[in-house]
Amino acid sequence: MASHEAKHTISVLVENEFGVLTRVAGLFSGRGFNIESLSVAPTLDDSISRMTIVTSGDERILEQITKQLNKLIDTIKVIDFTDSEYVEREMALIKVQATEDTRAEVLRIVDIFRGNVVDVTARSYTMEITGAPSKIKAVIDLLKPIGIQEIVRSGPVVLGRGAKGWNG
Amino acid sequence: MKRTGSQILLESLLQEEVDTVFGYPGGTVINIYNDLLDYPIKHILTRHEQAAVHSADGYARATGKVGVAIATSGPGATNTVTGIATAYMDSIPMVVITGQVPTPLIGNDAFQEADIVGITRSITKHNYLVKDVRDLSRIVKQAFYIARTGRPGPVLIDLPKDVQLATTEFAYPESVELRGYKPTISGNVRQVEKAAKMIMAARRPVLYVGGGATASDAGKDLIAFAELLQTPVVTTLMGMAAFPTGHPLSLGMLGMHGTYYANMAVTNSDLLIAIGARFDDRVTGRVAAFAPKAKIVHIDIDPTSIKKNVRVDLPIVGELRDVIGKISSKLQEDKDQIAALSEHTAPWRSQIDSWRAQYPMTYKSSDKVIKPQYVIEKIRELTREDAIIATEVGQHQMWTAQFFNFCHPRTFLTSGGLGTMGFGLPAALGAQVACPDRQVIDISGDGSFQMNSQELATLVQYKLPVKIAILNNNFLGMVRQWQQLFFDRRYSQTPLDVPIDFVKLAEAYGATGLLADKPDQVESVIRKALDTPGPVLMEFRVDREENVMPMVPAGAAIDEMVLAS
């Protein structure tokens with residue numbers, strides 16, 4: 001069962017209009033579809049926003065999700081990345097306790113994962129980590145024992161591999 | 001010349017050739033109502049906003065045109081919700097215009113403010129909040145276009161009071177630009193060819209016709225298609241009148257209260273061709289046992305309907321007439337093939353005939369108590385072939401579907417998807433406004449009727465000669481039936497024990513009331529009602545515990561019917 005309930009990443013290009021986020025979110029909640037994460041921002045053409053939605057479900061549910069998204073009047077294009085090659089990145093900002101004993105360890109971890117420290121105090125580091133969600137999870141697992149004060153994740157964004165792009 | 005938002009709205013309605021709107025005035029639409037006096041648009045004042053929307057819906061169902069309703073903000077808008085949801089479930093083209101508090105007050109919990117765009121988001125095909133008067137004509141144009149094209153549906157326009165008062169130049173757009181909305185009209189040729197092959201290979205084919213056939217006005221095409229293939233036809237509640245019930249190939253309705261032979265045909269078919277239907281749970285019964293031996297071809301303009309509830313072997317997205325026409329042409333390329341097909345499927349048709357003979361659609365008649373089915377049969381007998389029949393929801397609705405032989409599309413107005421009690425009377429009202437010369441009958445139960453009985457006043461005010469037939473059993477009959485069959489006759493809250501004098505109620509509104517409580521009075525009451533000008537309410541005191549049969553119990557397969565109680 002678990003293998004059928006796989007994660008799927010979908011990009012949705014929508015009219016950058018009032019209420020469009022509610023339409024998409026409402027569609028998912030109203031029809032009982034899952035949203036694991038959702039990120040949204042305007043594209044080069046600021047009349048179009050691009051959403052990246054990570055969802056889960058079997059093949060039938062995924063087909064319904066893409067069809068229902070397409071049915072929204074404000075939806076311009078739906079791209080399902082399930083069977084294609086794509087690059088996926090997520091960013092996390094993590095505020096970690098950094099006492100005298102742990103400061104060096106924290107910096108080492110930041111270094112290993114090619115993160116950046118973006119804010120420093122006497123008692124904390126705030127770092128920026130970018131990568132696939134699995135990488136973010138690895139960093140979190142390592143930092144947890146040291147003491148994470150606060151964390152925010154952007155949710156993944158994806159783009160298909162290759163030279164071809166959706167113009168927008 | 002500059003015009004106000006409310007004038008632009010009305011100008012736009014004229015551009016859309018709207019001649020009638022249904023509505024109810026209020027504070028945030030007072031300017032629209034003021035300007036309405038200067039426009040050649042007929043306004044029908046219902047007595048409840050829900051009824052205004054159902055009336056616009058009935059108007060749309062009877063004509064195929066876009067129905068239009070107007071309501072004020074807040075409670076006016078929230079009262080439209082049931083009407084909008086009803087239209088949405090049944091894919092009825094409609095534009096609902098609501099007033100809204102002035103834009104600077106939106107979000108402030110102002111008097112009579114409700115976020116109707118938020119509330120109706122999931123029950124409209126699309127909706128708009130107009131924030132700038134310069135967008136208004138474009139939005140109205142888009143709203144009508146969206147409502148009537150593709151799979152039709154209701155669109156709501158929320159119009160704040162200050163936008164109604166703001167002014168700009170009026171220019172109605174010539175075309176609609178919606179990059180996210182391009183319904184597929186033309187069926188894919190390769191899919192069509194596959195369908196033709198599957199049809200040629202079938203030995204036990206069935207056409208399963210839904211409301212899409214009415215929405216796309218495909219009635220004639222369907223008859224031609226069924227006759228070409230010599231294929232039996234089952235219809236959903238929404239598809240009933242799209243294919244004439246009296247046609248030799250018609251097996252009537254399938255599903256929970258379908259005919260024995262329709263359900264047997266579907267269960268034993270080897271090819272089920274779904275045409276503008278959506279495999280509702282009331283149709284399929286237990287999904288795993290639905291049409292288990294059949295390959296399924298699903299033709300629909302809405303891709304989301306396909307593979308939503310059942311597996312589909314061949315999906316074809318497109319407008320029904322286009323797809324059916326293409327399949328027919330493909331099949332007709334080889335005349336011998338067609339002749340052979342009819343021959344191959346002859347044993348199947350005789351099998352169905354024997355099912356039909358075994359358990360025909362029937363009921364136990366009585367000369368002591370009025371059988372509700374008898375009333376339905378008599379109404380059919382005494383009305384014209386093109387009479388428009390509206391129903392409410394419940395037992396009377398199912399009996400109408402089972403015993404009224406519908407001859408023409410758009411003559412059966414019923415809330416199929418949402419199952420809205422109180423729909424029939426206002427829908428009949430709207431249909432009568434649209435078709436003043438036709439006979440319009442609302443077949444009702446005593447429960448449903450009381451959900452919008454105030455519309456008797458509207459019928460009287462506009463001299464609309466709608467005839468109402470209440471099958472009065474002093475019960476919420478359908479729920480009572482379930483309680484009888486599945487809850488050990490524990491009639492919880494289903495007896496309507498106050499004996500309402502419906503005749504007096506009709507008379508109180510200035511309509512005519514007639515009563516029949518013996519079988520031999522039924523015919524004379526119907527005749528008298530049909531001969532009486534203006535609205536007439538007929539009350540038939542019917543057998544209180546008559547059940548709708550056959551019945552597929554919840555969770556059962558559709559061939560596991562209870563045939564009689």
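Look a little higher up for the structure.
Parameters and conventions
Residues numbered from 1 in each chain as written. Chains lettered and ligands numbered in written order. Predicted model: local features only at pLDDT ≥ 70, side-chain atom pairs only at ≥ 80, totals over all residues. Heavy atoms only, no water. Helix = DSSP H or I, 4+ residues; strand = E, 2+ residues; numbered from the N terminus. Buried < 20%, exposed > 50% of the residue type's maximum accessible area, 1.4 Å probe, protein only. Contact = heavy atoms within 4.5 Å. Areas by Shrake-Rupley, 256 points an atom, 1.4 Å probe, with all protein chains shown as cover. Lys, Arg positive; Asp, Glu negative; His and termini not counted. Charge placed at Lys NZ, Arg CZ, Asp CG, Glu CD. Rg over C-alpha atoms; globule rule 2.2 N^0.38 Å. Buried area = accessible area lost by both parts, 1.4 Å probe. Salt bridge = Lys/Arg side-chain N within 4 Å of Asp/Glu carboxyl O. Pairing = 2+ DSSP bridges. Axes fitted to C-alpha atoms, helices over the stretch in contact; angles between N-to-C directions. Core = buried A, V, L, I, M, F, W, Y, C linked by side-chain atoms within 4.5 Å. Phe/Tyr/Trp six-rings, centres within 6.5 Å; stacked < 30°, edge-to-face > 60°. Lys NZ or Arg CZ within 6 Å of the ring centre and 35° of its normal. Left-handed = near helix turned anticlockwise from the far one by under 90°. Nonpolar A, V, L, I, M, F, W, Y, C, P; charged D, E, K, R; others polar.

Peer 1: When you look at the overall build of chain A in this model, what are you seeing that I'm missing?
Peer 2: Summing up its helical and strand segments, chain A has 4 helices and 9 strands in all. Projected onto its principal axes, the C-alpha coordinates of chain A cover approximately 55 × 40 × 35 Å. Every one of the 168 residues in chain A was classed for burial, and the buried ones make up 41%. For chain A, the share of sequence-separated contacts (at least 6 apart) that also reach a separation of at least 24 residues comes to 72%. Only carbon and sulfur atoms are counted for the fraction: they give 51% of the accessible area of chain A, which is about 9500 Å². Charge-centre separation for chain A: the mean point of 20 positive side chains lies 1 Å from the mean point of 23 negative side chains.

Peer 1: In this structure, what is going on with the overall build of chain B? I would like to understand it.
Peer 2: A tally of helices and strands in chain B yields 24 helices and 20 strands. For chain B, whose C-alpha radius of gyration is 24 Å, the value lies close to the compact-globule estimate of 24 Å for 565 residues. In terms of overall dimensions, chain B has a C-alpha envelope of 70 × 60 × 40 Å along the principal axes. Sorting the 565 residues of chain B into buried and exposed places 61% on the buried side. Taking contacts inside chain B between residues at least 6 apart in sequence as the whole, the part at least 24 apart equals 75%. Accessible surface, chain B as shown: approximately 21300 Å² in total, 51% of it carbon and sulfur. Computed over 56 positive and 60 negative side-chain charges, the inter-centroid distance for chain B is 4 Å.

Peer 1: What is the right way to read the interface of chain B and chain A from this model?
Peer 2: The parts lose accessible area when they come together, and the size of an interface is often stated as this lost area. At the junction of the two partners, chain B supplies 18 residues and chain A supplies 20 residues. Interface area for chain B against chain A, summed over the two sides, is near 1700 Å², with a carbon-plus-sulfur share of 49%. Looking only at chain B, the three residues that lose the most surface to chain A are R121, R179 and T304 of chain B, adding up to 38% of its buried area. If you look at where chain B meets chain A, you find 3 salt bridges. Notably, a salt bridge pairs R179 of chain B with D45 of chain A, separated by 4.0 Å at the nearest N-O pair.

Peer 1: How should the sheet that holds strand β1 (residues 7–15) of chain A be read in this particular structure?
Peer 2: In any sheet, the strands associate via hydrogen bonds between backbone groups, in a parallel or an antiparallel arrangement. Residue and element names in this part refer to chain A. If you walk across this open sheet you meet the 4 strands as β2-β3-β1-β4, and the pairing is antiparallel. Every other strand in the sheet has two partners, leaving β2 (37–42) and β4 (75–80) as the edge strands with one partner each. Between one strand and the next, the sheet's axes are offset by a mean angle of 15°, whatever the strand orientation. Note that β1 and strand β3 (residues 48–56) share 9 bridges and pair antiparallel. Note that in β3 the partner of I10 across the bridge is I53. Packed on one face of the sheet, helix α1 (residues 20–30) meets β1, β2 and β3 and runs near 15° to β3.

Peer 1: Which parts of the structure should I look at to understand the sheet that holds strand β11 (residues 250–253) of chain B?
Peer 2: All names here are of chain B. Pairing is parallel in the open sheet, where 6 strands are placed in the order β11-β10-β9-β12-β13-β14. Looking at strand neighbours, the two that pair on one side only are β11 and β14 (314–317), the edges of this open sheet. On average, each strand axis in the sheet is tilted by 15° relative to the strand beside it, whichever way the strands run. The pairing of strand β9 (residues 205–209) with strand β12 (residues 271–275) spans 5 bridges and is classified as parallel.

Peer 1: Whenever I open this one, the environment of T245 of chain B confuses me. Can you help?
Peer 2: Residues and elements named next belong to chain B. By the secondary structure assignment, T245 is in the loop between β10 (233–235) and β11. T245 gets classed as buried once you look at its relative accessible area, which sits at 15%. With residues near it in sequence (within four places) discarded, T245 still touches M240, S250, G252, F404, N405 and F406.

Peer 1: Would you explain the pairing of β2 of chain A in this entry?
Peer 2: Each regular strand displays side chains that alternate between the two surfaces of the sheet. Residue and element names in this part refer to chain A. Two elements, β2 and β3, share 6 bridges in a ladder whose sense is antiparallel. Bridge pairing links V40 to M51 in β3. Counting the residues between successive antiparallel strands, the hairpin from β2 to β3 contains 5 residues.

Peer 1: It is not clear to me how the pattern of salt bridges should be interpreted in this structure. Could you clarify?
Peer 2: A side chain of one charge can pair with a side chain of the opposite charge if their charged atoms are brought near each other. Residue and element names in this part refer to chain B. This model, assessed by the stated rule, comprises 34 salt bridges over all chains. Residue E319 is joined to R321 by a salt bridge in which the shortest nitrogen-to-oxygen separation is 4.0 Å. For R321, a relative accessible area of 40% puts it in the partly exposed group. As a salt-bridge pair, R480 and E545 come within 3.7 Å of each other at their nearest N and O atoms.

Peer 1: Help me understand the side chain of T400 of chain B in this model?
Peer 2: Relative to the helices and strands, T400 of chain B is located in helix α18 (residues 395–403). When residues no more than four places from it in sequence are discounted, the contact partners of T400 of chain B are I376, I389, T391, F406, F412 and I443 of chain B.

Peer 1: Could you clarify how one ought to interpret the nonpolar core in this entry?
Peer 2: The tendency in soluble globular proteins is for nonpolar side chains to be buried side by side. All names here are of chain B. Y208, V266, L272, F290 and F540 are the most contacted members of the largest nonpolar core, which totals 66 residues. When residues in this core are grouped by element, the largest group, 6 residues, is from helix α12 (residues 260–268). If you look at the next biggest cluster of nonpolar residues, it comprises 42 residues, including Y59, I92, I123 and A390.

Peer 1: Quick question: what am I supposed to make of the packing of aromatic side chains here?
Peer 2: The geometry of an aromatic ring pair comes down to the distance between the two centres and the angle between the two planes. Per the stated rule, a full pass over the model turns up 15 aromatic pairs over all chains. Between the aromatic rings of F28 of chain A and F33 of chain A, the centroid separation amounts to 5.9 Å while the plane-to-plane angle is 80°, which identifies the pairing as edge-to-face. The burial state of F28 of chain A is the same as that of F33 of chain A; both residues are buried. Between R103 of chain A and the ring centre of Y125 of chain A, over which it is positioned, the NZ or CZ distance is 4.7 Å. Over the ring of F475 of chain B we find R480 of chain B; its NZ or CZ atom is 5.4 Å from the centre of that ring.

Peer 1: So what exactly am I meant to see when it comes to the environment of W348 of chain B here?
Peer 2: Residues and elements named next belong to chain B. Mapping W348 onto the fold places it in helix α16 (residues 346–358). What makes W348 buried here is its relative accessible area of 3%. Measuring from C-alpha to C-alpha, the distance between W348 and R204 comes to 5.6 Å, with 144 residues separating the pair along the chain.

Peer 1: What is the right way to read helix α17 (residues 372–382) of chain B from this model?
Peer 2: Residues and elements named next belong to chain B. Of all 11 residues in α17, 8 are buried; the element is thus mostly enclosed. Among the residues of α17, P372, Q373, V375, I376, K378, I379, R380 and L382 are the ones counted as buried. On its buried side, α17 packs onto α18, β17 (440–445), β18 (467–472), α24 (519–531) and β20 (536–541).

Peer 1: Got a minute to help me understand the packing of α1 of chain A against helix α2 (residues 59–71) of chain A in this structure?
Peer 2: Pairs of packed helices are described in terms of their axes, by the angle between the two and the distance that separates them. Residues and elements named next belong to chain A. Two numbers describe how α1 lies on α2: the axes approach to 11 Å, and their chain directions differ by 145°. Taken as a pair, α1 and α2 cross one another with a handedness that is right-handed. Across the interface between the two elements, V24, L27 and F28 of α1 pack against I65, Q68 and L69 of α2. For the contact of α1 with α2, the per-class residue count stands at 5 nonpolar, 1 polar and no charged.

Peer 1: I tried to follow the side chain of Q142 of chain B on my own but got confused; where do I start?
Peer 2: Residue and element names in this part refer to chain B. Of note, Q142 is situated in helix α7 (residues 136–148). Q142 gets classed as buried once you look at its relative accessible area, which sits at 6%. Ignoring anything within four residues of it in the chain, the contact list for Q142 reads Y128, V176, E177 and L178.

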